[in-house]
Amino acid sequence: MNVSQALVVITGGGSGIGRATAAAFLKVGARVAILGRDPGKLLEAREQLGAPGRVFVYPCDVSQRSAVEQVFAEILAHVGTPDILVNNAGINVPNRDLKSLRPEDWDEMMAINATGAFYCIWAVLPAMRQRKRGLIVNIVSVSGKRVSRLAGAAYCASKFALAGLGLATALEEKENGIRITNIYPGEVNTPILAQRPTPVPPERLQEMLQPEDVAEMVLAVASLPDRVYVPEIVILPIYQDYP
């Protein structure tokens, strides 16, 4: 894929991995549409990213199907057909053990981390099928590969669901020239860490993966020839064990 001419749609694009991914694609000449729930954060990200005329902002709660449908219709009508979709939007909560997890927190995590990704995939697939090409990258989590007490049951369940969605859809869509890659990062220094039950020490933040590390992996996958299909990638900080 010629990423310099690509239109890249990134959910959760206002901060963290999403914003770093937008920056990585902008650096090579691509256009990016960043989606997120916070309009102010999106506008701030657009200003920080620079690249006037190549960054498009769309406030959108991916857990709302009608909102996703409307945003993708607007992108198709006014910006173009997405070549790449990066499903990056994700949340967690401080109270993660089942003894303190609220049902509404479970619902929200499943709605954003898994169902929201499905809505975006469902919205972008028809145009990709018509063009017989496209790339979808799901930013999952190593917690979608192996369960973690630290991540919590709801987060792990939502990320396992996202992983299964990506792998199963890839099997169906390869015949249409559409490639789907799941990326499973370990600990990453992003704003989601503010939702940890215990604050992360500053020295550990520096040892973690940085958003730019994951963004470069997304760009690397996108830069491969269309004949190359990468189902899964695990990326960890050097201190983190796997599995």
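Structure shown above.
The text that follows walks through the structure, step by step, so that each part is easy to find.

Cut-offs applied
Residues numbered from 1 in each chain as written. Predicted model: local features only at pLDDT ≥ 70, side-chain atom pairs only at ≥ 80, totals over all residues. Heavy atoms only, no water. Pairing = 2+ DSSP bridges. Helix = DSSP H or I, 4+ residues; strand = E, 2+ residues; numbered from the N terminus. Axes fitted to C-alpha atoms, helices over the stretch in contact; angles between N-to-C directions. Expected span 1.5 Å × (residues − 1). Buried < 20%, exposed > 50% of the residue type's maximum accessible area, 1.4 Å probe, protein only. Arc of directions from axis to C-beta.

The parallel open sheet is built from seven strands, whose spatial order is E3-E2-E1-E4-E5-E6-E7. Edge positions in the open sheet fall to strand E3 (55-59) and strand E7 (232-235), since each of these has one partner strand only. For this sheet the average axis-to-axis angle between neighbouring strands, irrespective of direction, equals 15°. Two elements, strand E1 (residues 7-11) and strand E2 (residues 31-36), share five bridges in a ladder whose sense is parallel. Its bridge partner being in E2, Leu7 is matched across the sheet by Arg31.

Given a rise of 1.5 Å per residue, 14 residues ought to cover 20 Å, and the 20 Å separating the end C-alpha atoms of helix H3 (residues 65-78) matches this to within 8%. Taken together, the buried positions of H3 are occupied by Val68, Val71, Phe72 and Ile75. Taken around the axis of H3, the buried residues stretch over an arc of 95°, which confines them to a single face. Facing away from the buried side of H3, by more than 90 degrees, are the exposed residues Ser66, Ala77 and His78. A positive phi of about 140° marks Gly80, the residue just after H3.

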